[in-house]
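Next come the chains, spelled out residue by residue.
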2 protein chains.
Amino acid sequence: MSAMNIPQSSFPRIIIIGGGFGGIALAKKLSKKEVQVVLLDRHNYHTFQPLLYQVSTGGLEPDSIAYPIRKVLQGYPNFYFRLAEVSKIDTERKSVETNIGSIEYDYLVVAAGSRTNFFGNKAIEKKGMAMKTIPQSLNLRSLILENFEQALLTDDLHERDALMNFVIVGGGPTGVELAGALAEIKRGILPKDYPDLDTRRAQINLVQGSDRILPAMSEIASQKAERFLEGLGVNVWKNIRVMDYDGKRVTTDTKTIFDTATLIWTAGVQAVNIPGLDGKELLCRGNRLKVNRFHQVEGFDEIFAIGDVAQMETEAFPHGHPMMAQPAIQQGRSLGENLVKLLEGKPMKPFVYRDKGSMATVGRNKAVVDLPHVKFQGVFAWFVWMFVHLYFLIGFRNRLVVFINWVYNYVRFDREARLIIRPFKKQYRVSGRRS
Amino acid sequence: MSAMNIPQSSFPRIIIIGGGFGGIALAKKLSKKEVQVVLLDRHNYHTFQPLLYQVSTGGLEPDSIAYPIRKVLQGYPNFYFRLAEVSKIDTERKSVETNIGSIEYDYLVVAAGSRTNFFGNKAIEKKGMAMKTIPQSLNLRSLILENFEQALLTDDLHERDALMNFVIVGGGPTGVELAGALAEIKRGILPKDYPDLDTRRAQINLVQGSDRILPAMSEIASQKAERFLEGLGVNVWKNIRVMDYDGKRVTTDTKTIFDTATLIWTAGVQAVNIPGLDGKELLCRGNRLKVNRFHQVEGFDEIFAIGDVAQMETEAFPHGHPMMAQPAIQQGRSLGENLVKLLEGKPMKPFVYRDKGSMATVGRNKAVVDLPHVKFQGVFAWFVWMFVHLYFLIGFRNRLVVFINWVYNYVRFDREARLIIRPFKKQYRVSGRRS
């Protein structure tokens, strides 16, 4: 028995760090194989990150985009889940150290995902909000609602405006989707919820450093998304970089400033590094681990990395695949098949990424979709976006509850999960940390 | 304008403290009347308390039993909601003091509800868990799941058993329902989620001080409920009073002891008192405010109390009505009609409670129902219980989501909200406080 109470087995032991899209896809491929699998995660659930912004804006309950990892593994023989935070990898002893003890591996798969990248700006990390985990999204939900409650109470117009002013930094899909959702709240819910507050003064600002939003998508998608946002009343700022935030004022590299109680940082992610596997020679841009076409981390035959933490440099993707769900899922599946091959002494197959396209939603009836051979925007794109997200959600119940919420929200122009369950301002701020 | 930014109006101002069953029922009755209503609550949502135990046991998401108070009040003219904690009532100046300022009233309705009563036992208040609010229920959900994760890691059999041993103190509906739900988790979910843990050793103990559980219900309901619980494997202990708990060992007034990591206290509630209206002459048993048949607090014409905080002594209920949803709802409605009469100079009508019966559920297909003229138990009672709870839930979306969860849980023998979203052991314990 190891310190984690995992029995020795005659099968080789594969440790997977992380139960995100990559880790779960890999686990499924290994479910019936002659291996012992130990899956470690610091949460007991898988998070469907693409819908976190709907949790923050009261459109979905957090429980419907989370799925118990133990339930995924039900009925898999030789699978062990442990709720653990990994603190170190010892590549010499081939062991992983965690807060609940250490454990040795035959093969190690790092699928630890990414966290918000503040690019070293401590002020923004401390005073701004991040939205990469469910607790962070719930904190943001509480803060948004608390701001409006507080705006009611002040006679200082400048303070009231700052409380109703939202600055979202980063024009990627997360920033765009969040801005659109806030704009819909401003229009559809605030005037009814706060009849004694002039909610028309609420401002939603989306700030993008480069010359277009959704820079990873097509030009037409960027243009349409911007037009959709402007139609919803979002102020889109391009070619502006946010420099600092003291909890009240946002300064930029231009003369533009924003006075706001809420800065939401969606401007970047970086791979989660684990001590022992974070040498400078291993890490690429964004702290990703350099892997070969079989997901082997450079210099190790028995250590693999998939998803956001892995950087596989190919001709089509010289800086690695996008840090999104699709590459992680495909990589998890590919690695699962390759591990079986490896154990059977067969040659592994190099990973080939099939780009299925990308998409972002802005609001009701408004989305942009880039498929490999066709690009479209508008109502149909919006339905495609919803269908794809429902399809990739794990669990029948989650799909059903999300679907019902979406139908309800669509028909009623409403978002009923606008609840301050844990007040944010009373909590310590977790924004910078992965919590 | 008051300090809370509520405008002066030519209508009399009614302040309602508390958005529970009583406060909301009252607000609805006043919606179109010539009054200004200010509703104060320390949460921005109404909590459907009868289903909290399902949140604790992963059967329902918290968001589906909470409802935004502002949404209830949408479209009511002259209604103002403020998220505020009341600290004092000044009956001389006719004002209410809160954390966001003070405000004067013409009429005051105290509907602040109840909180857990530990009967002065500080040790249990500190180390035990309460389940009267959504945050408390989520803490309990986290703790239950964390216990099993921890049980996996220890080789000390005694410690492992203590982690899988649950002691529920109090055999009222909450204790019975929680015990039944835990027993179903033990049977249906634990063996699949924790194949590497001998979950048959998990124990669920329900400890009741008197000689039967559900003492407020009929003898036959008590007997049947006990038989149902025993069928599910719950240990029912009667005529035992829990005396102390140090976080590890529960001692009682007999030789029986329990070694457990989890004591859940459902053995009593007490009215929430507000300084300024808490004189000894006003308070009855359980800190309730003595009111006349018109809900007027003794000695005040313009201060009313309804629901758990009010004690109206009648022939049928010499110690006041039960501290449950039904009396609160009926009292809220009655007071609403009486306030209108009072303002119109008409005589008020004394409150008459219509006892619609009471019920408790033990598990799937198992419930007990006492109606005024008929009592029944079993499958039909279970359907009645579900129907009644769906009916009294506020909001169409909540009803639909709860219904779907119930159907899913029933068909699949599952409870998917077994998520540790905010780990409990890392938090400060809130058990004793209303949070």
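This one's a predicted model, so the numbers in the text were calculated from it and none came from an experiment.

Draft legend 1. Here's a closer look at the overall build of chain A. Assigned secondary structure in chain A consists of 12 helices and 24 strands. Here chain A has a C-alpha radius of gyration of 22 Å; the compact-globule value for 435 residues is 22 Å, and the two agree. Principal axes of the C-alpha set define a box for chain A whose edges measure 70 × 50 × 45 Å. Counting the 435 residues in chain A, one finds 52% classified as buried. Pairs at least 24 residues apart make up 66% of the contacts formed inside chain A by residues separated by at least 6 positions.

Draft legend 2. Just the nonpolar core, in detail. Counting residues in each nonpolar core, the largest one holds 264 residues, and the members touching the most others are Val-109 of chain A together with Val-109 of chain B. Apart from residues lying up to four places away in sequence, Val-109 of chain A is in contact with Ile-14, Ile-16, Ile-17, Leu-26, Phe-304, Ile-306 and Leu-335 of chain A.

Draft legend 3. Layout of the sheet that holds strand E5 (residues 79–83) of chain B. All names here are of chain B. Read from one edge of the open sheet, 5 strands run E5-E2-E1-E9-E20, paired in parallel fashion. Where the open sheet ends on each side, the last strands, each with one partner, are E5 and strand E20 (303–305). Taking each pair of neighbouring strands and ignoring which way they run, the sheet shows an average axis angle of 20°. Here strand E2 (residues 36–41) runs beside E5; their pairing, made up of 5 bridges, is parallel. From the neighbouring strand, Leu-39 faces E5, where its bridge partner is Phe-81.

Draft legend 4. Spatial organisation of the environment of Leu-190 of chain A. Structurally, Leu-190 of chain A can be placed in helix H8 (residues 190–193). For the pair formed by Leu-190 of chain A and Tyr-76 of chain A, sequence separation is 114 residues and the distance between their alpha carbons is 48 Å.

Draft legend 5. View of the sheet that holds strand E23 (residues 366–370) of chain B. All names here are of chain B. Spatial strand order, E22-E23-E24: 3 strands in an open sheet with antiparallel pairing. Strands at the two margins of the open sheet, each flanked by one partner only, are strand E22 (358–363) and strand E24 (375–377). Between one strand and the next, the sheet's axes are offset by a mean angle of 5°, whatever the strand orientation. Strand direction decides the pairing type here: E23 and E24, joined by 3 bridges, are antiparallel. When the bridges of E24 are listed, Asp-370 appears paired with Lys-375.

Draft legend 6. Summary view of the interface of chain B and chain A. At the interface, 39 residues of chain B touch 39 residues of chain A. Secondary structure elements with two or more residues in the side of chain B that touches chain A: strand E4 (66–68), helix H3 (69–72), E5, helix H5 (134–151), helix H8 (190–193) and helix H12 (396–412) of chain B. The element that contributes the greatest number of residues to the side of chain B that touches chain A is H12 of chain B, accounting for 5 residues. Taken together, the residues that form the side of chain B that touches chain A break down as 21 nonpolar, 6 polar and 12 charged.

Draft legend 7. A look at the confidence of the model for chain A. Residues and elements named next belong to chain A. Per-residue confidence for chain A gives a mean pLDDT of 95, with 97% of residues at or over 70. Below a pLDDT of 50 lies the segment residues 428–435, which in the model reaches 21 contacts outside its immediate sequence neighbourhood of four places, other chains included. Scoring the predicted complex yields pTM 0.96 and, for the interface, ipTM 0.94.

Draft legend 8. Expanded view of the relation of the copies chain B and chain A. With an RMSD of 0.0 Å, the fit of chain B onto chain A corresponds to turning through 180° and sliding 0.0 Å along the axis. A rotation of that kind, with that shift, is consistent with a two-fold axis. Across chain B, the smallest distance between a C-alpha and the rotation axis is recorded for Val-401 of chain B, namely 3.2 Å. Taken together, the interface assignments show that 100% of the residues at the interface of chain B recur at the interface of chain A, consistent with an identical surface on both copies.

Draft legend 9. Quick look at the environment of Ile-264 of chain A. Residues and elements named next belong to chain A. Mapped onto the secondary structure, Ile-264 falls in strand E17 (residues 262–265). For Ile-264, a count of 27 C-beta atoms within 10 Å gives the class buried. Taking C-alpha positions, Ile-264 is 9.2 Å from Ile-124, a pair spaced 140 residues apart along the chain. What Ile-264 contacts, discounting residues up to four positions off in sequence, is Gly-128, Met-129, Met-131, Leu-140, Phe-166, Ile-168, Val-169 and Leu-178.

Draft legend 10. Just the packing of helix H1 (residues 21–29) of chain A against helix H10 (residues 325–343) of chain A, in detail. All names here are of chain A. Between H1 and H10, the shortest axis-to-axis distance is 7 Å and the interhelical angle comes to 30°. Classed by the angle they form, the pair H1 and H10 counts as roughly parallel. Remark: the crossing between H1 and H10 carries right-handed chirality. Two secondary-structure elements touch here, H1 through Phe-21, Gly-22, Gly-23, Ile-24, Ala-25, Leu-26 and Lys-29 and H10 through Ala-325, Ala-328, Ile-329, Gln-331, Gly-332, Arg-333, Leu-335, Gly-336 and Glu-337. Split into classes, the residues belonging to the contact of H1 with H10 amount to 8 nonpolar, 5 polar and 3 charged.

Draft legend 11. Main features of H10 of chain A. Between its first and last C-alpha atoms H10 of chain A spans 27 Å; for 19 residues at 1.5 Å apiece the expected length is 27 Å, and the two agree. What H10 of chain A keeps buried is the set Pro-327, Ala-328, Ile-329, Gln-330, Gln-331, Gly-332, Ser-334, Leu-335, Gly-336, Asn-338 and Leu-339 of chain A.

Draft legend 12. Quick look at the domain arrangement of chain A. Residue and element names in this part refer to chain A. For chain A, the domain assignment lists domain 1 (13–42 + 84–116 + 270–343) and domain 2 (122–267 + 364–412). Spacing between the C-alpha centres of domain 1 and domain 2 amounts to 32 Å. Residue-level contacts link 4 residues of domain 1 with 5 residues of domain 2. Residues that form the side of domain 1 that touches domain 2 fall into these classes: 2 nonpolar, 1 polar and 1 charged.

Draft legend 13. Examining the pairing of E2 of chain B more closely. Residue and element names in this part refer to chain B. With respect to burial, E2 is a largely interior element, 6 of its 6 residues being buried. Of the two faces of E2, the one holding Gln-36, Val-38 and Leu-40 and the one holding Val-37, Leu-39 and Asp-41 are both buried throughout. Regarding topology, helix H1 (residues 21–29) serves as the crossover connection from strand E1 (residues 13–17) to the parallel E2, and that connection is right-handed.

Draft legend 14. Quick peek at the environment of Tyr-353 of chain A. All names here are of chain A. On the secondary structure map, Tyr-353 appears in the loop between H10 and strand E22 (358–363). On the basis of neighbour counts, which here come to 16 C-beta atoms within 10 Å, the residue Tyr-353 falls in the partly exposed class. For Tyr-353 and Gly-170, which are 183 residues apart along the polypeptide, the C-alpha to C-alpha distance reads 26 Å. When near neighbours in sequence (up to four residues on either side) are disregarded, Tyr-353 contacts Phe-317, His-321, Pro-327 and Gln-330.

Draft legend 15. Representation of the pairing of strand E1 (residues 13–17) of chain A in the model. All names here are of chain A. The buried count for E1 comes to 5 of 5 residues, which makes it a mostly enclosed element. Bridge count for E1 against strand E2 (residues 36–41) is 5 bridges, and the pairing is parallel. Directly across from Ile-15, in E2, lies its bridge partner Val-38. Pairing of E1 with strand E9 (residues 107–110), which is carried by 4 bridges, proceeds in the parallel orientation. Each bridged residue has a counterpart across the sheet, and for Ile-15 the counterpart in E9 is Leu-108.

Draft legend 16. Summary view of unusual backbone geometry. A positive phi angle, close to 55°, is found at Phe-413 of chain A, a residue other than glycine. Among the secondary structure elements, Phe-413 of chain A is positioned in the segment after helix H12 (396–412).

Draft legend 17. Quick look at helix H9 (residues 219–231) of chain A. All names here are of chain A. Helix length check: H9, at 13 residues, gives a terminal C-alpha distance of 18 Å against a target of 18 Å (1.5 Å per residue), a fit within 8%. Listed as buried for H9 are Ala-221, Ser-222, Lys-224, Ala-225, Glu-226, Phe-228 and Leu-229. Taken together, the buried residues of H9 touch helix H7 (173–188), strand E12 (203–207), strand E13 (235–237), E22, strand E23 (366–370) and strand E24 (375–378). The positive-phi residue at the C-terminal boundary of H9 is Gly-233, with phi of around 90°.

What counts, and at which threshold
Residues numbered from 1 in each chain as written. Chains lettered and ligands numbered in written order. Predicted model: local features only at pLDDT ≥ 70, side-chain atom pairs only at ≥ 80, totals over all residues. Helix = DSSP H or I, 4+ residues; strand = E, 2+ residues; numbered from the N terminus. Rg over C-alpha atoms; globule rule 2.2 N^0.38 Å. Buried ≥ 20, exposed ≤ 12 C-beta atoms within 10 Å, placed from the backbone. Contact = placed C-beta atoms within 7 Å. Core = buried A, V, L, I, M, F, W, Y, C linked by C-beta atoms within 7 Å. Pairing = 2+ DSSP bridges. Axes fitted to C-alpha atoms, helices over the stretch in contact; angles between N-to-C directions. Nonpolar A, V, L, I, M, F, W, Y, C, P; charged D, E, K, R; others polar. pLDDT = per-residue confidence, 0-100. Least-squares fit on C-alpha atoms with pLDDT ≥ 70 in both. Parallel < 35°, antiparallel > 145°, perpendicular 65-115°, else oblique. Left-handed = near helix turned anticlockwise from the far one by under 90°. Expected span 1.5 Å × (residues − 1). Domains from an automatic or database assignment. Right-handed = clockwise from strand over helix to strand, strands pointing away.

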